[in-house]
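Next come the chains, spelled out residue by residue.
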Amino acid sequence: MSEYNHKEIEKKWREEWEKNHTYRTGIDPSKPKYYVLDMFPYPSGAGLHVGHPLGYIASDIVTRYKRLKGFNVLHPMGFDSFGLPAEQYAIQTGQHPAITTEQNIARYIEQLKNIGFSYDWSREVRTSDPGFYKWTQWIFMELFRSWYNKETDRAEPIETLIAKFEATGTHGLKSVSDEDTPSFTAEEWKAKSEREQYEITLKYRLTYVADAVVNWCAALGTVLANDEVKDGVSERGGFPVEQKLMRQWMMRITAYADRLLTGLDTVDWSESLKEQQRNWIGKSTGAEVSFQIEHRVERIKVFTTRLDTIFGVSFMVLAPEHELVPELTTLEQKPAVDAYVMAAKMRSERDRMADAKTVSGVFTGSYCINPFNGERVPIYLADYVLAGYGTGAVMAVPSGDQRDWAFAKHFDLPIIPILDAQKDIDKQADNTKEGRYINSGLINGLTYSEALPVLVQYLEEHGIGKAKINYRMRDAVFSRQRYWGEPVPVYFKDGLPYLLDESELPLELPPVDKYLPTETGEPPLARAEGWKYKGEYEYELSTMPGWAGSSWYWYRYMDPQNDEVFADRNLIDYWRDVDLYVGGSEHATGHLLYSRFWNKFMKDRGYVPEEEPFKKLVNQGMILGRSNFVYRLKESVGEGKKPVFVSSGLKSQYDVTPLHVDVNIVENDVLDVAAFQKTRPDLAEDAEFLLEDGKYICGVEIEKMSKSKFNVVNPDTVVERYGADTLRLYEMFLGPLTDAKPWNTNGIDGVYRFLKKFWRLFYEESTETRPGRWLVTDDAPTPAELKVLHKTIRKVAEDIENLSFNTSVSAFMVCVNELSALKCNKKAVLQDLVVVLAPFAPHITEELWAALGNQPGTLSQAQFPVFNPAYMVEDTIEYPVQINGKVRTTLAFSADSAASEIEQEVLANEVVQKWLEGKTPKKVVVVPKRIVNVVI
């Protein structure tokens, strides 16, 4: 094949790789392992657009490169296939979500294979496959069977907790548990009934049932995660979302808060990503203080990082969802409080926290008592306090906190100065710790460092609080009122949750008549007829959230067909952890925190060897769409009016309305008018077009790729026209992997021309009378050719290690240009170049590898060429010659010339002689391999 035909070549090698299982991976103890993982996709019905493969191409380049460097590489792919979109489609159509999901996955696989990724497809996993979610259910059960021992700083089987209860009760017990966990002696424990003992253990287990404030979307009939809510409505469908207290399964991720923080210091992630996780975890050192409610036995607990400001408290603020609100609200205040609580329910937590400018609140009518000075403190509600963060209550110190200050000003509440260094508190809060305390009782006259231990001692001596470390992160809600998710392997007996037996896994989704909640508001699983455990006990009707399966999936790739364990321990010990993880930054706090949590738990329980699952993590940037616009005359809009469209360069002369146009019928910003008329007859079938030089030129804007903007580019279209190798190279060429960059089809021709020029190093171009000849010879390469090759070898190897793929593509282009100029057709050079280019353009290089006489299909088993610095040594060196600091000529000398030889030849040079004008130089300075300076 003397002509570069990307369609034939790529089809041929895709079929060969699949037929020969070229990328199937097993254990090979003779090689070092390397695990490359992509964040697996949710298979939407729209399929891939050209922005989606960016990270996959990058990880595939690393995978192929590491194989050539002698590593045994695991590079799998699967699908995060439970999800709300498939369920919503099922609700609309009645079609089972499994059918939709299967169709979408088939489409994704077809597209991924077309781009030539070297995945081991024998390891494919799907979170909705019962063979996979059997083990998600098993991990849930292990969490339920575990507690967190602070003494050993790890999770342990619940049996070790029960043993402690039997020996010493709760005396000296250091654990993570519910706030209302009772204390008891060993004797008291033994005297309890079996049910009472079981109920107590439920307060310690790492997954548990509790009332939690959640994002409830009535229209979707389910709880939503924070990242599924935007501006108070559901991201999917735009339905109202309210804050609601509901019975939910929870995951005690807070037990791992400190380890999740310290673990960030051990991984190679970007600092911005680490900082997002640190902020989400939100570690704070402070104190918990109890305020007695006036005329009641209840107390309000608050957490504060500034216990030193306790004497500046002038009001208390509770979250509208706080459990004491009904008891605290007086009859006079009830209408106002009820209205405020209802309004707060309609705002998401994210909106409430972000809105720092709006001041709103309502007085409950009740008071509490400051435990340090006995002052009455009015209790307000305000939506900037969240029920799930800390205790859901804030002691307000307006002189030191700007939000409290604004609230105090709005409701005309006292602003008490507490430090003599505070300034202008009539204008704004001053949170200084400088100076000495005033108006502050027992700490008057003390500095911050002197006051704090005094206050903590007072707290603990009087039993009104304690020093405490708090975290912003809360236990994770692990329930979704949906059908299309993993069933929770739990049944309820006398109101208490019990696990299924392991032999009964997987608990599969039952058939239902509809995928909607029941008429009484129960989740869709309540519709399943006769779905009861042993025909008697109710199953859990909520399903697991979308993040359940993605919190451990990388282990299943190691042993995907195993029905006895989630993965064989020998295989886990071989692959251990992920060496390179590539995916979107949108998973910075959700998926990555939950995955790290589950991984640490599984290490605690002895199932995996590594504390952190992902050694190196890279977030690829977004490929933005390049939208095109047509411009319609506003006067041509209306019934009976003929549409008129004005070319971009003429639009300033008219009053126009810009309209998005499908980028797939635009080339180099020139509209295919006939195609536009055909695809949009509603707009343009009878339209008139005002052209420029016979062309309709479209406007351009860079935006996110979206169907609504008609700027989605299908990779299938690019592969069909230019080939997968061109697509791969072009996406890398667009810019640094981690940066956002616009897609512009106009620039893809240059990459395609590069591949054809590369092909021409091997084959002569054919003519009408004869096919192109094979040009490669066995002649020895010249030093110049070897220099070009090894410069490229070094550059590409360094770039791949640093994930700087865009500069590698530039290096390839320079290399091919230079070799073409040298008319290099030497096998010794071109064969190494084929191997170096192979990770980027696997199809064309596989074809040329075979044409060079190698066993077809064996390119992935080749060795990446070794850079030889000897080929970079120059035979001659150009020396600029300065006379009194100004360059007057340039002379070439042998690289090994001595300074004395250089000086002698410089002084004999006729140009130098001219500038010397017969004078003898004062000195001649020779800087080896750089410059000569003659001083006269």
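Scroll up a little and you will see the structure.
From a predicted model like this one, the values you see are computed outputs, not experimental measurements.

## Looking at the overall build of the protein chain
Okay, step 1: Of regular secondary structure, the protein chain possesses 29 helices and 35 strands.
Okay, step 2: Expressed as a percentage of the 936 residues in the protein chain, the buried residues total 52%.
Okay, step 3: Contacts spanning at least 24 positions in sequence make up 71% of the contacts within the protein chain whose residues lie at least 6 apart.
Okay, step 4: Looking at the protein chain, you have 109 positive and 135 negative side-chain charges, and the mean spots of the two groups are 3 Å apart.

## Description of unusual backbone geometry
Okay, step 1: In this structure, Pro-506 follows Leu-505 across a cis peptide bond, with omega equal to -5°.
Okay, step 2: Position of Pro-506 among the secondary structure elements: in the loop between strand E19 (496-499) and strand E20 (532-533).
Okay, step 3: Residues other than glycine seldom take positive phi values, yet His-21 does so here, at roughly 50°.
Okay, step 4: Of note in the backbone geometry, Leu-803 takes a positive phi value of approximately 60° without being a glycine.
Okay, step 5: You can see Leu-803 is positioned in the loop between helix H24 (783-801) and helix H25 (805-821).

## Remarks on the pairing of strand E32 (residues 876-883)
Okay, step 1: The pairing of E32 with strand E33 (residues 886-894) spans eight bridges and is classified as antiparallel. Residue pairing in the sheet places Tyr-879 in a bridge with Leu-891 of E33.
Okay, step 2: Sheet topology places E32 next to strand E35 (residues 931-935); three bridges connect them, and they run parallel. The residue bridging Val-881 from the neighbouring strand is Val-932, located in E35.

## A look at the side chain of Arg-482
Okay, step 1: With respect to the helices and strands, Arg-482 occurs in the loop between strand E17 (476-477) and strand E18 (490-493).
Okay, step 2: Classification of Arg-482 by relative accessible area gives buried; the value is 7%.
Okay, step 3: Not counting residues within four places of it along the chain, the set of residues in contact with Arg-482 comprises Leu-84, Glu-87, Thr-222, Val-223, Leu-224, Glu-228, Pro-524 and Thr-543.

## Quick word on the packing of aromatic side chains
Okay, step 1: Enumeration according to the criterion identifies 69 aromatic pairs in this entry.
Okay, step 2: Summarising the aromatic geometry, the rings of Phe-165 and Trp-189 are spaced 4.8 Å apart at their centres and angled 50° between planes, so their arrangement reads as tilted. With Phe-165 in helix H6 (residues 158-168) and Trp-189 in helix H7 (residues 186-191), this pair connects stretches of sequence that are 24 residues apart. Trp-189 shares its class with Phe-165; the two are buried.
Okay, step 3: Consider the rings of Tyr-491 and Tyr-498, whose centres lie 5.9 Å apart with planes at 25°: the pair is stacked.
Okay, step 4: Judged by relative accessible area, Tyr-491 falls into the buried class, the value being 12%.

## Focus on the sheet that holds strand E1 (residues 33-38)
Okay, step 1: One open sheet holds the four strands; their spatial order is E2-E1-E22-E23, and the pairing between them is parallel. Strand pairing shows two members of the sheet lacking a second neighbour, strand E2 (72-74) and strand E23 (617-619), which therefore form its edges. Along the sheet, successive strands turn relative to each other by an average axial angle of 20°, direction set aside.
Okay, step 2: The pairing of E1 with strand E22 (residues 580-583) spans three bridges and is parallel. Residue pairing in the sheet places Leu-37 in a bridge with Tyr-581 of E22.
Okay, step 3: With respect to the sheet, helix H2 (residues 53-68) is in contact with E1, E2 and E22, its orientation differing from that of E1 by roughly 170°.

## A short note on the pairing of E22
Okay, step 1: Of the two faces of E22, the one holding Leu-580 and Val-582 and the one holding Tyr-581 and Gly-583 are both buried throughout.
Okay, step 2: As paired strands, E22 and E23 are joined by three bridges and run parallel to one another. Each bridged residue has a counterpart across the sheet, and for Gly-583 the counterpart in E23 is Asn-619.

## Section: the pattern of salt bridges
Okay, step 1: The full count for this structure, using the stated rule, is 60 salt bridges.
Okay, step 2: Between Asp-258 and Lys-283 there is a salt bridge, with the nearest N and O atoms lying 2.9 Å from each other. Highlighted residues: Asp-258 in helix H9 (residues 257-262) and Lys-283 in strand E10 (residues 283-293), separated in sequence by 25 residues.
Okay, step 3: Judged by relative accessible area, Lys-283 falls into the partly exposed class, the value being 41%.
Okay, step 4: One salt bridge in this structure joins Arg-306 and Asp-308, with 2.8 Å as the shortest N-O distance. For the residue pair Arg-306 and Asp-308, the accessibility class agrees, reading buried in each case.
Okay, step 5: In the salt-bridge network here, residues are joined through shared partners; they are Arg-259, Arg-596, Lys-600, Asp-604, Glu-611 and Glu-612.

The rules behind these values
Residues numbered from 1 in each chain as written. Predicted model: local features only at pLDDT ≥ 70, side-chain atom pairs only at ≥ 80, totals over all residues. Heavy atoms only, no water. Helix = DSSP H or I, 4+ residues; strand = E, 2+ residues; numbered from the N terminus. Buried < 20%, exposed > 50% of the residue type's maximum accessible area, 1.4 Å probe, protein only. Contact = heavy atoms within 4.5 Å. Lys, Arg positive; Asp, Glu negative; His and termini not counted. Charge placed at Lys NZ, Arg CZ, Asp CG, Glu CD. Pairing = 2+ DSSP bridges. Phe/Tyr/Trp six-rings, centres within 6.5 Å; stacked < 30°, edge-to-face > 60°. Axes fitted to C-alpha atoms, helices over the stretch in contact; angles between N-to-C directions. Salt bridge = Lys/Arg side-chain N within 4 Å of Asp/Glu carboxyl O.

By themselves, these are just geometric observations and shouldn't be taken as functional.
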